[in-house]
Amino acid sequence: MAVAVKSKKKLSIRDFSKPSEQLAHVDPEDLYPLPPPYDKVEEQPGFKRLSEEAKRKYEATLDDTMVVNIPKPKDKEEEDKLVRQFVSGLEKLFSPENNWTFLQPLTLSMEHCARCQTCIKDCPIYEASGYNDIYRPTYRSEILRRLYFKYVKGGGGWWKKFNNGDIELNWTLVSRLLELSYRCTLCRRCAQSCPIGVDNGQISHDLRKLFSCEMELAAKDLHEKGTIQQLTVGSSTGMNALVVKDNCEFIDEDMEERTGIKVETVWDKEGADVLLIHNAGEFLAWPDNPGAFALILQEMGISWTLSSEIAGYDGVNYGLFYDDVQLARIAMRHYEIAEKLKVKKILMGECGHLTKAMGVVGDRLTQATPRENAMAFLDGVVFSGKLKLDPSRNDFPVTLHDPCNMVRSMGIVEPQRRVLRHIAPKFREMHPHGVRNYCCGGGSGWAIMSQNNFLDWRIQVSGRKKFEQILNAFADEDPGAETPKYVCAPCSNCKGQIRDLFDYYGAKEKSGLYYGGLIELVVNAMVDIKGRFIDWEIM
Amino acid sequence: MTFLHFFVYITIIVFLAAVIARGVRIARMPIHLRWDLYPIPHEKGRAHYGGSILEEVDWWTKPRHKDHIGELKVMILEILLLKGVWEHNRKLWFGSFPLHFGLYLLIGGEALAVLGGVLHLLGQQFLFLQPVITVVIWTGCVLGVIGTVIMLLMRIFDSNLSKFSTPSHYFNLLMLGAIYVTGILWLSGDQGFAANLVGFYAGLVSPSVMPALPAVAFWHIGCALLFMFYLPFTHMTHFFTKYFTYHSVRWEDETNRPGDPLQKKLDPQLAQVVTWSAPHVGADGRKNWVDIVTSPAPEIEKETK
């Protein structure tokens, strides 16, 4: 049964255009309460404020944080120019030439919302913020809707105002709207509950696209350090092919040392059956994961390869979150590499957005080499009978996080559960789970964003519901650090966010919380490896 | 032809033309990138937990079994009982359900009256329909009034709704309320209500059989026609565009495997010229989507030199 919603911050839609020092603010006391021992506000790490210098240089009038770092215009003339650019982008956003990619869903969401607010109860950010109006999934959508009817559908006549309301367009609105498009993780939980089928997550996505494709304004971590770097250097991590090969050599050696099985990563093997593409963040932050894939593929006798081509060893596609052109460029690059290597299929590593971008969203660009997700692959591996598995080696409490992109947006729900039920005797679900899961709080690329004080915000606001869910999933266990508890998060981005959540709250030390992927549990259960693969000491 | 006839015909023409135009406009929009949202009810054997064929190893080699009955069940529960609102916004459901179900019954009653009118013109017996028409419309109007009052109160006093409501939200509810209230007044003051309603529909085709209607009937018919006249120009067209939000977006999971026919429809879209202005896009007024996404943008070329 849904909870009653009471909004603490009273903001009207028109307030959005009214210049003020800061439109919205979240007090720690407003935040959704966490279970013990994280329930005392005074014991929490606190919420850093934006520096005065940052406020002086950039547009920071939306809320307590800042993602895009929008330079302040020099004068009114420049402001007006930017507003005109925005209107031009708005028109293109509703043109079939520029936005054939999402025109139909966007138009449907613009024209048919009943403003019933049914969706707001499903947004973990709105709830965690203490029901701050600005974070309603409907707030930014309503602003865009009013602009759509005023500037795209033509005129500001009485019928338009009567039907759809009105709003003043100025630079204050434009700059705030850009920032606000980065206060939604695009998890689409709200879209599931809309009786009409309106998708506020997609509206946030298309707003980001307008700013990126028309005004060259986007979150630096997604654009310059993300897609641009990936298409030039080879990876959004900044690693070139030499570095990643070097890393893999080290990973292979480490795997042999820890498992007793000699592992050899294969590169650029033409005619291999499988091209494996990881999120390159795994090589740096969680090398056990690519190591485990290499070991399993080898032990299964599968002919496989990695690619050392530009973007070939990094399946990340941040274009999915903000820019269809960049999305298409990277997706096409991945498909071309698979074609060139003449592989039978691409195996997509444990990463939700990678799986969605490469697996289904990019599917409408070309008829590419078939792609298989890691969950289905591991399901096949575990139940193939080719590996000897001993579930008692995973004799610790395990829960499962459902990555939104893979589960809610692709319907990959059961394979990972079948695996866990088979190899992890103390597996238990979070609630809610499956397609009704909560986002980790780092969705849409946020997990790699920590500039200014955004880390504080995404931990304390957007990740709050997930942290509560994790704690509740282990409520029947010893609450202390003596009993290690494993959060299985088969997604690089989600792991990044969960890592930051645990670090921030000291959850490893206080509650014995650890996290990792699915394949690590499979390898840990393998009878043929020496010792335990999952080592709490080094996690 | 009387003014009433003119008003009825013009309303029907405007209503149908506007609904068809909107439907065609949406249906003819380009095929978008896949944006499925689970659960998808036609996923046979998996819909109950939200699964898809992508859960299979080598899924592209497996036959797809679509459960159209399952899809129909979800649609019926959603359309008739507003199941989504029941599950996600119970408070709203207590207003929204009677408002909508009342309308369904009213429309159902009118459809029966049209049937009666046809029988009447054909010289057939239609008396058996009259009690059914009366009961259905009575129930519909009572439910409708209850729903309208609850929804109006919520729109006014619930700050979650009021700050997002435009004048049209209140006007629409008042119009619906007026239809229901005048319907009740006509029903309660006219013992020959059903016969008169049947006669009214028959009279639209054959004016000589048009009965003498009470004044309140004209208010009722007038309100209904006015509502029908402007409805296609509002968000209330969700009564049929919901088909697209579900079937063309949420549940649209057509694959584009080698050999699938979809690519032929996509190719013209990819041949469109891009005019986005940001430098990294690299649009020059001539390049189409294929040109743009298969070659580095100018900014990227500069960095690689």
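Residues numbered from 1 in each chain as written. Chains lettered and ligands numbered in written order. Predicted model: local features only at pLDDT ≥ 70, side-chain atom pairs only at ≥ 80, totals over all residues. Heavy atoms only, no water.

## Structural notes on the overall build of chain A
- Assigned secondary structure in chain A consists of 25 helices and 8 strands.
- The C-alpha atoms of chain A give 23 Å as radius of gyration, which agrees with the globular expectation for 539 residues (24 Å, within 12%).
- Along the first, second and third principal axes, the C-alpha atoms of chain A reach 75 × 55 × 45 Å.
- Within chain A, buried positions represent 70% of all 539 residues.
- Taking contacts inside chain A between residues at least 6 apart in sequence as the whole, the part at least 24 apart equals 79%.
- If you sum the accessible surface of chain A, you get close to 16900 Å²; carbon and sulfur atoms cover 51% of it.
- Put simply, chain A has 70 plus and 76 minus side-chain charges, and the middle of one group is 5 Å from the middle of the other. (Helix = DSSP H or I, 4+ residues; strand = E, 2+ residues; numbered from the N terminus. Rg over C-alpha atoms; globule rule 2.2 N^0.38 Å. Buried < 20%, exposed > 50% of the residue type's maximum accessible area, 1.4 Å probe, protein only. Contact = heavy atoms within 4.5 Å. Areas by Shrake-Rupley, 256 points an atom, 1.4 Å probe, with all protein chains shown as cover. Lys, Arg positive; Asp, Glu negative; His and termini not counted. Charge placed at Lys NZ, Arg CZ, Asp CG, Glu CD.)

## A few points about the pattern of salt bridges
- With the rule as written, the count across this model stands at 59 salt bridges over all chains.
- The shortest N-O distance in the salt bridge between Lys-345 of chain A and Glu-372 of chain A comes to 3.2 Å. Separated by 27 residues along the polypeptide, Lys-345 of chain A in strand E3 (residues 345-348) and Glu-372 of chain A in strand E4 (residues 371-373) bring together distant segments of the chain.
- Here the salt bridges share partners, and the residues they tie into one network are Glu-111 and Lys-153 of chain A together with Arg-22 and Arg-25 of chain B. (Salt bridge = Lys/Arg side-chain N within 4 Å of Asp/Glu carboxyl O.)

## Section: the interface of chain A and chain B
- Contact residues are listed per partner, giving 106 residues for chain A and 92 residues for chain B.
- Between chain A and chain B, a total of about 8400 Å² is buried, with carbon and sulfur atoms accounting for 58% of that surface.
- Seen at the junction of chain A and chain B, the total is 5 salt bridges.
- A salt bridge links Lys-345 of chain A to Asp-58 of chain B; the shortest N-O distance between them is 2.9 Å.
- Our count for the chain A to chain B interface comes out at 59 residue pairs in polar contact (both at pLDDT 80 or more).
- Looking at the side of chain A that touches chain B residue by residue, the class counts come to 46 nonpolar, 28 polar and 32 charged. (Buried area = accessible area lost by both parts, 1.4 Å probe. Polar contact = N/O pair within 3.5 Å; in protein donor to acceptor, adjacent residues only side chain to side chain. Nonpolar A, V, L, I, M, F, W, Y, C, P; charged D, E, K, R; others polar.)

## Section: helix H16 (residues 324-341) of chain A
Residue and element names in this part refer to chain A.
- Taking 1.5 Å of rise per residue, 18 residues should cover 26 Å, and H16 covers 26 Å from first to last C-alpha, within 8% of that figure.
- Along H16, 14 of the 18 residues are buried, which leaves the element largely enclosed by surrounding structure.
- The backbone nitrogen of Val-325 lies 2.9 Å from a side-chain oxygen of the residue at the head of H16, namely Asp-323.
- Among the residues trailing H16, Lys-342 stands out with phi positive, at a value near 55°. (Expected span 1.5 Å × (residues − 1).)

## Brief notes about the packing of helix H11 (residues 223-232) of chain A against H16 of chain A
Residue and element names in this part refer to chain A.
- Closest axis-to-axis distance for the H11/H16 pair is 10 Å, and the angle between their directions is 35°. Of the two elements, H11 crosses H16, and the hand of that crossing is left-handed. Of H16, the residues touching H11 (which contributes His-223, Thr-227, Ile-228, Gln-230 and Leu-231) are Gln-326, Arg-329, Ile-330 and His-334.
- For the contact of H11 with H16, the per-class residue count stands at 3 nonpolar, 5 polar and 1 charged. (Axes fitted to C-alpha atoms, helices over the stretch in contact; angles between N-to-C directions. Left-handed = near helix turned anticlockwise from the far one by under 90°.)

## Focus: the side chain of Arg-258 of chain A
All names here are of chain A.
- Mapped onto the elements of the fold, Arg-258 is located in helix H12 (residues 241-259).
- Separated by 2.8 Å, the side chain of Arg-258 and the backbone oxygen of Phe-533 make a polar contact.
- Beyond its immediate sequence surroundings of up to four residues, Arg-258 is in contact with Asp-288, Lys-530, Phe-533 and Ile-538.

## Description of the domain arrangement of chain B
All names here are of chain B.
- For chain B, the assigned domains read domain 1 (3-30 + 91-250) and domain 2 (34-81).
- Using C-alpha coordinates to define each centre, domain 1 is positioned 34 Å away from domain 2.
- The interface of domain 1 with domain 2 comprises 9 residues on the first partner and 10 residues on the second.
- Taken over both partners, the interface formed by domain 1 and domain 2 buries close to 780 Å², and the fraction arising from carbon and sulfur atoms is 56%.
- Counting the surface domain 1 buries against domain 2, the share from its top three residues, Tyr-104, His-247 and Arg-250, is 52%.
- Inspection of the domain 1/domain 2 interface yields 1 salt bridge.
- Across the pair Lys-242 and Glu-78 runs a salt bridge whose closest N-O atoms are separated by 3.1 Å.
- Between domain 1 and domain 2 we count 5 residue pairs in polar contact (both at pLDDT 80 or more) in total.
- For the side of domain 1 that touches domain 2, the secondary structure elements donating two or more residues are helix H4 (90-121) and helix H10 (238-250).
- Take the side of domain 1 that touches domain 2: its biggest share by element is 5 residues, from H10. (Domains from an automatic or database assignment.)

## Thoughts on the packing of aromatic side chains
- A complete count under the given rule lists 44 aromatic pairs over all chains for this structure.
- Taken together, the aromatic side chains of Tyr-38, Trp-286, Phe-467, Phe-502, Tyr-504, Tyr-505 and Tyr-515 of chain A make up a single cluster linked through ring pairs.
- Directly above the ring of Trp-86 of chain B sits Arg-90 of chain B, whose terminal nitrogen or CZ lies 3.7 Å from the centroid. (Phe/Tyr/Trp six-rings, centres within 6.5 Å; stacked < 30°, edge-to-face > 60°. Lys NZ or Arg CZ within 6 Å of the ring centre and 35° of its normal.)

## Quick notes on the sheet that holds E3 of chain A
Residue and element names in this part refer to chain A.
- What the 4 strands build is an open sheet, ordered E2-E1-E3-E4; its pairing is parallel. The open sheet has two free edges, formed respectively by strand E2 (304-305) and E4, since each of these has just one partner strand.
- Where E3 meets E4, 3 bridges bridge the pair, whose relative direction is parallel. Opposite Ile-346, over in E4, you have Arg-371 as the bridge partner.
- Against the sheet, H16 contacts strand E1 (274-277), E2, E3 and E4, and its axis sits at roughly 150° relative to E1. (Pairing = 2+ DSSP bridges.)

## Considerations on the side chain of Thr-355 of chain A
Residue and element names in this part refer to chain A.
- Considering the arrangement of structural elements, one finds Thr-355 in helix H17 (residues 352-359).
- Given a relative accessible area of 0%, Thr-355 falls into the buried group.
- The residues contacting Thr-355, other than those within four sequence positions of it, are Met-348, Gly-349, Val-360, Asn-373, Met-406, Met-410 and Ile-412.

## With respect to the domain arrangement of chain A
Residues and elements named next belong to chain A.
- Segmenting chain A into domains produces domain 1 (14-217) and domain 2 (229-525).
- One C-alpha centre belongs to domain 1, the other to domain 2; they are set 30 Å apart.
- Each partner contributes residues to the interface: domain 1 has 45 residues there, and domain 2 has 44 residues.
- Applying the counting criterion to the domain 1 and domain 2 interface returns 4 salt bridges.
- Ionic pairing is found between Asp-324 and Lys-209, a salt bridge with its closest N-O pair at 2.4 Å.

## A word on the state of the cysteines
- If you walk through the whole model with that rule in mind, you get 0 disulfides over all chains.
- Free of any disulfide, Cys-213 of chain A has its nearest cysteine sulfur in Cys-184 of chain A, 18 Å distant.
- Relative accessible area serves as the criterion here: at 1%, Cys-213 of chain A is assigned to the buried category.
- The thiol sulfur of Cys-141 of chain B is not disulfide-bonded, and the nearest other cysteine sulfur, from Cys-223 of chain B, lies at 11 Å.
- For Cys-141 of chain B, a relative accessible area of 0% puts it in the buried group. (Disulfide = S-S within 2.5 Å.)

## Looking at the packing of helix H4 (residues 103-112) of chain A against H10 of chain B
- Relative to each other, H4 of chain A and H10 of chain B sit at 150°, their axes nearing to 10 Å. Comparing their axes, H10 of chain B and H4 of chain A come out roughly antiparallel. As for how H4 of chain A packs across H10 of chain B, the hand of that crossing is left-handed. Where H4 of chain A approaches H10 of chain B, its residues Gln-104, Pro-105, Leu-108 and His-112 of chain A are matched on the opposing element by His-238, Thr-241, Phe-244, Thr-245, Ser-248 and Val-249 of chain B.
- Its residues assigned to classes, the contact of H4 of chain A with H10 of chain B shows 4 nonpolar, 6 polar and no charged. (Parallel < 35°, antiparallel > 145°, perpendicular 65-115°, else oblique.)

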